[in-house]
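Observations on the model geometry
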Amino acid sequence: MKQYDAIVIGGGHNGLVTAAYLARAGKSVLVLERRPRVGGAAVTEEIFPGFKFTMFSYVVSLLRPEIIRDLDLPRHGLHILPLESTVTPMENGDYFAAWSDHDETRRELYRHSPRDAEAYDEYGRLMHFMAQAVKPILSMVPPDPTSFAPGDLAGLLKLGKHFRGLGGERLHALVKLMTMSSADFLDEWFETDVLKATKSASGIIGTFLGPRSPGTAYVLLHHYMGELDGVFRAWGFAKGGTGSVSESIAAAARGFGAEIRCNAGVSKVAVRNGRATGVVLENGDEITARTVVSSLDPRRTFLELLESDALPPEFVQDIKRFKFRGSSGKVNLALDSLPSFTCMPGIGRQHRGAISISPSLEYVERAYDDAKYGEFSRRPYMDIVFPSMIDPGMAPPGKHVMSIFVQYAPYKLNGGWTDAKREAFGDAVVNTVESFAPGFKAKILHRQVITPLDIEKITGLSEGNIFAGELALHQLFFLRPVAGWAKFATPVHGFYQCGAGTHPGGGIMGASGRLAAMRILKDGK
Amino acid sequence: MSLRTTPFHPRTGPLSEGQAWRRWAGYVVASSYELSHDREYHAIRNSAALFDVSPLYKYLITGPDAARLLDHVVTRNVGKAKIGQVLYTPWCDNEGKQIDDGTISILGEQTFRMTSADPTLRWLHLNASGLDVKIEDVSETTAALSLQGPSSRAILQIAAERDLSALKYFRLTSARIRGIPVTISRTGYTGDLGYEVWVDAAQAVPLWDALIESGTPYGITPAGMLALDVARIEAGLLLIEVDYFSSRHALIESQKSSPLELGLGWTVATDKQRYNGQAALDAERKRGPAWQFTGLTVDWDSLEQLYADVGLPPRLPSQAWRTSVPVYDRGGHKQLGYATSGGWSPLLKRYMALAHLGSEHASGTEVRMEITVEHHRKQAMAHVTPLPFFNPERKRA
């Protein structure tokens with residue numbers, strides 16, 4: 001039987017990126033995906049005839065430009081389309097809009113606060129520098145601060161120099177960003193509540209935290225990291241939905257000679273004498289490989305794929321403490337026609353960008369309050385896009401699809417998730433949208449409601465956490481997933497991790513998958 | 001406005017958000033309708049973009065000797081072409097230097113429509129002496145729209161209420177759109193699936209309305225010249241006065257180019273009698289052209305390093321540029337040629353340029369292109385890339 005150089009468990013985007021890079025380096029690679037299609041949480045599925053849903057993830061956030069180039073993803077079908085504006089309807093019937101044109105946005109903000117309109121530019125400049133400071137970390141294997149190994153010391157030295165080079169003012173701002181709540185950080189800059197609410201909302205996505213929770217300010221940077229890429233644009237809506245991102249990486253991997261097998265769930269990693277030797281499939285088949293790589297989240301990677309005696313007990317303890325706490329759900333709708341929002345009636349360019357349901361800081365914080373006590377938000381924070389307005393191919397001509405990212409929907413719901421609870425959650429979502437867009441509910445042709453429990457069941461992401469583990473400060477960089485094991489290797493020889501549960505994690509970045517492949521190739525030399 | 005507006009202006013005028021207009025053959029057309037051309041560009045590759053291309057010069061050439069005249073003027077073989085075909089072709093002076101390029105639509109056995117970038121009436125008349133042919137300037141009476149992109153066929157089929165799947169690449173057909181007689185040709189300047197619709201100028205506005213209405217469910221997007229400029233570079237298509245000079249405008253010999261030097265060797269017929277420039281082109285073909293027209297892809301790491309050296313993230317041009325930029329050998333010392341157009345491809349995620357390289361040097365695959373970084377002239381590595389950069393199957397399918 002064929003022995004592979006590497007088996008990658010899980011055909012999500014990170015697993016596919018690892019496979020593509022390994023295959024590109026001449027390795028024989030097999031990807032094993034449990035579901036009938038690749039993509040993991042980046043899939044497009046025709047749930048209702050003619051309507052394509054970006055099931056879970058819906059925008060390409062920070063897909064690394066080097067991956068796009070190295071794998072020549074455009075040649076394999078990747079086309080990232082602009083998604084530039086954000087309109088926030090307010091409860092008083094007004095709105096706040098950020099457009100792609102700088103002057104337009106400044107004038108819009110001036111309407112709310114002339115002072116903020118000026119502060120906005122200064123803030124943008126600072127965040128630009130902050131993003132520039134943090135960005136190299138995304139492409140860096142995290143050095144271990146407690147280690148004296150030459151590689152770690154060199155990494156730490158580089159990092160130290162990098163931050164010293166920032167200068168006092170910017171270093172202070174960076175420390176604030178790393179420690180403050182997004183609401184507090186934004187309070188230092190702005191007075192317009194709806195602006196702060198909308199900006200802070202980006203800091204809570206995928207976490208079990210509210211805008212007033214410390215540590216949420218850091219995520220504000222992510223948006224600006226996307227802007228650093230400027231015209232390169234690694235941020236936007238992928239034509240065909242996020243599934244086409246996965247498909248393009250899969251096509252690139254195949255092009256380099258990787259094999260991808262779907263409907264092939266892995267039940268165990270085979271370990272002999274402390275070394276991974278292959279995998280056992282759910283159907284009992286065994287496949288051998290010199291290296292086994294898991295793109296699953298840390299819990300599944302270490303607690304399900306391995307026998308418990310394969311790992312040191314302290315390590316197992318640390319993994320058990322790794323927090324998931326899924327907090328978001330998704331509602332996907334097929335629409336007969338587009339909704340008209342009270343604040344901006346009619347059909348227009350607002351439908352080609354994001355609609356943020358974050359009318360005030362209090363609104364978002366109250367949405368969190370519900371979740372803190374085990375309920376889904378009665379009036380949730382939502383990030384809405386109409387994929388068919390960006391790529392008309394997502395729905396039959398003249399019809400539309402609507403993607404609603406919803407927070408909060410706690411994985412651990414009081415009394416647990418049931419079919420009735422799922423529908424009640426779906427009702428809360430559409431009723432809230434209806435309050436900003438009367439007549440909207442009558443346009444719904446089909447409704448798909450996805451709870452964190454559904455995310456876990458379908459994609460395998462533990463507790464339905466969309467980032468394969470919460471993006472909280474204590475779980476980032478050299479602490480992701482656990483201290484001492486942030487460099488993609490594991491205590492089991494020949495067994496690696498490459499999913500978003502490793503540094504830097506989160507979003508459709510592919511950075512974890514790429515860094516893992518680099519590490520594996522380096523170790524193999 | 002003292003410059004002329006096209007017959008579509010009643011519709012295109014109010015769409016202009018930033019009053020960004022560009023001059024084209026004495027007319028004004030939109031540079032972009034929205035404040036940025038970004039979305040208009042993506043429509044070309046994602047849904048369908050609608051361009052007003054009315055300023056093109058158009059001539060109706062009829063009569064028993066019409067084919068003979070055209071065959072004498074242009075380099076392609078018109079006599080061999082069939083009714084319903086469209087030919088892209090350059091035409092040359094007697095020294096085989098290119099005057100212009102355009103299309104010839106074969107509307108009937110003795111009926112042809114020629115488009116050109118520069119006025120061509122006098123040149124046609126000069127070549128028609130003794131021939132039984134009528135040459136009519138229909139530039140002002142014929143309006144034209146170009147509908148380009150993957151959804152263009154679906155939209156036109158609805159508008160024209162007929163199946164267009166049999167209409168092949170560079171073929172034309174007559175049709176009616178809402179009762180308006182039009183000619184639909186499967187042509188364009190984007191290298192994508194696309195069509196051009198030719199109509200009597202008096203019917204321009206109702207045609208625009210019909211296409212917008214049919215196209216709205218498919219994401220039809222009016223688009224301007226900035227978007228087109230990016231797409232035509234991706235498609236590797238030449239632009240007169242940018243990528244080459246008309247031999248009639250050149251002031252010195254070295255400003256002139258032959259079709260063979262411009263990568264248009266395939267348009268120079270070897271199977272027809274006497275045409276302008278034939279002897280010179282035959283000789284040039286034998287000895288090999290002095291220049292090659294090719295694509296360049298600027299190396300990302302090299303570009304990034306140039307900017308990192310001054311503490312900046314890489315800057316990419318947000319619009320296509322059209323200036324002459326020196327290209328050097330890989331050592332950076334000897335100039336091999338020059339790039340004439342370039343820009344960032346939002347689709348391919350590549351910094352591309354169109355360049356002329358001396359034939360004796362064009363064999364190398366790595367060159368250096370001049371880039372100005374923070375007021376200083378630098379050189380970035382670039383890879384010689386065959387044209388076109390982008391060539392989707394749907395273009396011909």
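What follows concerns the overall build of chain B. Along its length, chain B carries 9 helices and 20 strands. A compact globule built from 397 residues should have a C-alpha radius of gyration of about 21 Å, and chain B, at 21 Å, falls within 12% of that. Along the first, second and third principal axes, the C-alpha atoms of chain B reach 60 × 50 × 45 Å. When the 397 residues of chain B are sorted by exposure, 51% land in the buried category. Restricting to contacts in chain B with at least 6 residues of sequence separation, those with at least 24 account for 68%.

On to the pairing of strand E3 (residues 44–48) of chain A. Residues and elements named next belong to chain A. Bridge count between E3 and strand E4 (residues 51–54): 3 bridges; the pairing is antiparallel. Paired with Glu-45 across the bridge in E4 is Phe-53. The hairpin turn running from E3 into E4, its antiparallel successor, is 2 residues long, and Gly-50 in that turn takes a positive phi close to 90°.

What follows covers the domain arrangement of chain B. Often, the extent of an interface is quoted as the loss of accessible area upon association of its parts. Residues and elements named next belong to chain B. Looking at the assigned domains, one finds that chain B contains domain 1 (4–56 + 139–223), domain 2 (58–138 + 258–285) and domain 3 (238–257 + 290–397). With centres defined by C-alpha atoms, the gap from domain 1 to domain 3 works out at 30 Å. By residue class, the composition of the side of domain 1 that touches domain 3 is 4 nonpolar, 2 polar and 2 charged.

Further remarks concern the sheet that holds strand E1 (residues 4–5) of chain B. If you trace the 3 strands from one edge of the open sheet to the other, you get E1-E3-E2 (chain B), paired in mixed fashion. Only two strands of the sheet have a single neighbouring strand rather than two, namely E1 and strand E2 (21–24) of chain B.

Our next topic: the confidence of the model for chain B. Overall, the prediction assigns chain B a mean pLDDT of 96, with 99% of residues at 70 or greater. In the predicted assembly, ipTM is 0.93 and pTM is 0.95.

What follows deals with the pairing of strand E13 (residues 194–200) of chain B. Residues and elements named next belong to chain B. Among the 7 residues that make up E13, 6 are buried, leaving the element largely enclosed by the rest of the structure. For strand E10 (residues 142–148) and E13, the ladder comprises 7 bridges, and the chain directions are antiparallel. Paired with Ala-143 across the strands is Val-199, a residue of E13. In this structure, strand E12 (residues 180–185) lies alongside E13, joined through 4 bridges in antiparallel fashion. For Thr-183, the partnering residue across the bridge sits in E13 and is Trp-198.

A packed helix pair is summarised by two numbers, namely the angle formed by the two axes and the spacing between the axes. Residue and element names in this part refer to chain A. The interhelical angle for the contact between helix H3 (residues 102–112) and helix H4 (residues 114–138), taken along N-to-C directions, is 140°, at an axis separation of 6 Å. On the side of H3, the interface is formed by Arg-106, Leu-109, Tyr-110 and His-112, while H4 contributes Pro-114, Asp-116, Ala-117 and Tyr-120. When its residues are assigned to classes, the contact of H3 with H4 shows 5 nonpolar, 1 polar and 2 charged.

Residue and element names in this part refer to chain B. Note that Leu-211 resides in helix H6 (residues 204–215). Through-space distance from the C-alpha of Leu-211 to that of Ala-201 is 15 Å; in sequence the pair is 10 residues apart. With sequence-adjacent residues up to four places away left out, Leu-211 is seen in contact with Leu-50, Leu-145, Leu-147, Ile-155, Ala-159 and Ile-220.

Reading guide: rules and limits
Residues numbered from 1 in each chain as written. Chains lettered and ligands numbered in written order. Predicted model: local features only at pLDDT ≥ 70, side-chain atom pairs only at ≥ 80, totals over all residues. Helix = DSSP H or I, 4+ residues; strand = E, 2+ residues; numbered from the N terminus. Rg over C-alpha atoms; globule rule 2.2 N^0.38 Å. Buried ≥ 20, exposed ≤ 12 C-beta atoms within 10 Å, placed from the backbone. Contact = placed C-beta atoms within 7 Å. Pairing = 2+ DSSP bridges. Domains from an automatic or database assignment. Nonpolar A, V, L, I, M, F, W, Y, C, P; charged D, E, K, R; others polar. pLDDT = per-residue confidence, 0-100. Axes fitted to C-alpha atoms, helices over the stretch in contact; angles between N-to-C directions.

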